[in-house]
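# Remarks on the overall topology
Each chain, letter by letter, is given below.
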Amino acid sequence: MTTTDTLNTIATVEETIRCIHAGAELVRITAPSKKEAENLLNIKNELKNRGYAIPLVADIHYTPNAAEIAARIVEKVRINPGNYIDKKKFEQIDYTDAAYNEEIERIRNRFLPLLNICKEYGTALRIGTNHGSLSDRIMSRYGDTPNGMVESAMEFLRIAAYENFHNIVLSMKSSNPIVMVEAYRLLVHNMQAEFGYCYPLHLGVTEAGDGEDGRIKSAMGIGNLLEEGIGDTIRVSLTEDPEFELPVCRNIIKRYPNATQNPGVKNEVLIQQIKELTGINRRKTNSVQNIGGENVPVVIADFSNQIITHESLKSIGYHYESKDDKWHLSDMRRRIIFLGDREIDFALPGTLKYILNFSEWNRKPLTGKSFPLMNVNEYLNHPRPKSELVFVKIDYSSKNNDFSSDAVIQKFIKNPSDIICVESDGVMHLKKCFKFLHEQKISNPVIISIKSAKNTKEEILIDFSIESGAHLMEGNGDGVFFQIDERQADTGFLNSCAFGILQASRRRISKTEYISCPSCGRTLFDLQDTTAKIRAVTHHLKGVKIAIMGCIVNGPGEMADADFGYVGSGPGKITLYKGKEVVKRNIPTEIAVDELIELLKNNNAWVEPPMVAV
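Computed from a prediction, not measured in an experiment: that's the story for all the values here.

Turning our eyes to something else, we now look at the overall build of the protein chain. The number of helices and strands found in the protein chain is 18 helices and 22 strands. Looking at the protein chain as a whole, 57% of its 614 residues qualify as buried. A separation threshold of at least 6 residues defines the contact pool for the protein chain, and within that pool the share at least 24 residues apart is 67%. For the protein chain, the exposed area adds up to about 25,300 Å²; of that, 49% sits on carbon and sulfur atoms.

Here's what the structure looks like:
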């Protein structure tokens, strides 16, 4: 999606061309009013003059008139059913059935002109629900839920289907990947149940943010659904220049070279499979020291491919001060590292334990400090090691299934404190593994073990986000163990990946979370610069969610998950929110960040940043 002012034809055309060269196959342009919608024709003609014929999508929120103009010009129009006709005042209103039905009839009458224009011009329509911009009417009956998101779209879809208009794509976007995934699954189920078929789906995590966090959220949500066979187009929404979104999209979809060539085709078999593999509650696991049970998931660091020094442990949250021979610990420190067959020639911090391959551990076991990792043959053919923790490597893949042996199953049942380190060759296979463990009543903690041999850090990040996030979002997995080959060995990067994925899956909160929109032609300030400024002064506020929104369209509606909001309300002006409540309006941008800090302090969400030794 472009970020330029839509009235600036040349700037929008040039940004569109950069997106095309980066791999875009559709480009969305905001049209908040009639004049921007009318200028879409100039943009389209200029692109044509330069030799580009890419389909354009007009992004509409509050203005049906703009949608009706755009539908005569571009190939697709996106409307938000939460605010296209309904109005939002963020009030809880009770509707009688009669009053509710009257509102549906009002929507029909206002929606029909757009449908007729789309029919006449062959224009496609995207009905795009956003979690944070559900109408008061929907909120009154369904609340701020995936059910409400789906029903918001279904109301418009029923009208279109009744009018025999089917040139439709749907989307269910949220800044929370868990909500987003649940909403898409529910939409597929409801469409199949009501219509007997499904319309194509456009996938995306809205307001994902920037950097690693934005890529993690997007990959987790989009990738999980693609793994299940859901999704026909995708968009990664980053607070970065739009051409940087495209490589992330490409790295996600290239995992699926054999994806269906029949967009929108879903079936009852697929839906039943999804229901079977995702319909169980989180596995209840045994608590073994700090692993499993109600403990937050652990992160195991891989040091098997590098020499370990005091300095290298800094990358996993341990900073050594030689002058006083003390370790300083961070919130993102790891408690367990994997050494393989390596040795350490210095004393580790007292809270840090390590895992060795069984043959190495058996040679000189250090009870209480080191733990063995056994393969299945070792586990079955040796007495259980006299160790506080025993880790067992399990392969559950399309080519092998270590749980096919009843002896393995029975040994885990008899030793409920032994920890399963499970490897698989795909998301759906590992979902089957968790289902199997649930059915067999095997309550041992499970560490999700993933190896990536990809060539770039972004590809590796996407691999880990999809392969582990799909299960963590379901509540499964008591820890993660990420491994990369020797060429890519970087424990600091892996540490950041792991904690970012755990935070995005809401399983372990270790840092501030930012919900920031990707910018568009409506944006009233420099989003990237402002996000960086806010991050610089608030990044130490563990667990606080701060939304940074470019305009009133995206905020406060689409920042539903945020604790505090920083929203553009006019040129050079900012409005601050606590949740969805306005706290201060029209603050000059020059002092707005300071006012945000004051708001955090007034609501007991502020702590002074830690002192940094120099």
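Bringing the sheet that holds strand β19 (residues 545–549) into the picture now. Taken in spatial order, the five strands of this open sheet run β18-β19-β20-β21-β22, and their pairing is mixed. Two strands in the sheet have a free side with no partner beyond their single neighbour: β18 (513–516) and β22 (581–588). The average undirected angle you get between the axes of adjacent strands in this sheet is 20°. Relative to β22, strand β21 (residues 573–578) runs antiparallel, the two sharing five bridges. Considered in β22, the bridge of L576 is made with K584. Of the strands in this sheet, β19, β20 (564–570), β21 and β22 are in contact with helix α18 (residues 589–602), which crosses β22 at around 150°.

A separate point is helix α15 (residues 457–472). Here α15 spans 21 Å end to end across 16 residues, near enough to the 22 Å set by a 1.5 Å rise per residue. Within α15, 14 of the 16 residues are buried, which leaves it mostly tucked inside the rest of the structure.

In the case of a regular strand, side chains alternate between the two sheet surfaces. Looking at chain direction, strand β9 (residues 318–321) and strand β10 (residues 326–329) are connected through four bridges and run antiparallel. Looking at β10, one finds that Y318 is bridged to L329. Between β9 and the antiparallel strand that follows it, β10, lie four residues; D325 among them carries a positive phi value of about 50°.

As a further point, take the sheet that holds strand β4 (residues 124–130). With parallel pairing, five strands are arranged side by side in an open sheet as β1-β2-β3-β4-β5. Only two strands of the sheet have a single partner each, and these edge strands are β1 (27–30) and β5 (168–173). Neighbour to neighbour, the strand axes of the sheet diverge by 25° on average, direction disregarded. Bridge count between strand β3 (residues 76–79) and β4: four bridges; the pairing is parallel. Among the inter-strand pairings, K76 is bridged to a residue of β4, identified as A124.

Under the counting rule described, the total for this entry stands at 32 salt bridges. Of the charged contacts, one joins R50 and E14 as a salt bridge, the two residues approaching to 3.9 Å between their closest N and O atoms. Of this pair, R50 sits in the loop between α2 (34–49) and β2 (56–59) while E14 sits in helix α1 (residues 9–22); the two residues are 36 residues apart in sequence, bridging distant segments of the chain. Relative accessible area serves as the criterion here: at 35%, R50 is assigned to the partly exposed category. Each of E227, R255, K454, D463 and E467 takes part in one network of salt bridges that share partners.

As a further point, take the environment of G148. Mapped onto the elements of the fold, G148 is located in helix α6 (residues 146–162). For the pair G148 and I138, spaced 10 residues apart in sequence, the C-alpha to C-alpha distance is 6.0 Å. For G148, the residues in contact, after removing those within four places along its chain, are L134, I138, Y142 and G143.

One finds F111, I252 and F403 to be the most contacted residues of the largest nonpolar core, which totals 139 residues. Residue contacts for I252: discarding those within four places in its chain leaves S218, A219, I222, L226, I234, V236, I462 and I466.

Moving on, we get to helix α13 (residues 406–414). Listing the buried residues of α13 in full gives V408, I409, K411 and F412. What you see down the axis of α13 is that its buried residues fit within an arc of 165°, all on one side. Along its buried surface, α13 packs onto α12 (376–381), β14 (391–395), β15 (419–423) and α14 (427–440).

Basis of the calculations
- Counting restarts for each chain: residues are numbered from 1 in the order of the written sequence.
- Whole-chain, interface and lining totals are the exception, using all residues; otherwise, since this is a predicted model, local features are given only for residues with pLDDT of at least 70 and side-chain atom pairs are given and counted only at 80 or more.
- Computation of side-chain values: all heavy atoms of the structure, hydrogens and water removed.
- Here a helix means four or more residues in a row that DSSP labels H or I, a strand means two or more in a row labelled E, and each is numbered from the N terminus.
- The buried label applies to any residue whose accessible area, calculated with a 1.4 Å probe on protein chains only, is under 20% of its type's maximum; exposed applies above 50%, and partly exposed to all values in between.
- By definition, residues are in contact when any of their heavy atoms lie within 4.5 Å.
- With residues, only the protein chains shown are counted as cover, and all accessible areas are computed by Shrake-Rupley using a 1.4 Å probe.
- A pair of strands is labelled paired if DSSP reports no fewer than 2 bridges between them.
- Lines are fitted to the C-alpha atoms to define the axes, a helix being fitted only along its stretch in contact, and any angle between axes, read from their N-to-C directions, falls within 0 to 180 degrees.
- The span you would expect from a helix comes to 1.5 Å times its residue count less one.
- Criterion for a salt bridge: a side-chain nitrogen of Lys or Arg within 4 Å of a carboxyl oxygen of Asp or Glu.
- By convention a nonpolar core is built from buried Ala, Val, Leu, Ile, Met, Phe, Trp, Tyr and Cys residues, the set being connected through side-chain atoms within 4.5 Å.
- Directions from the helix axis toward the C-beta atoms define the arc.

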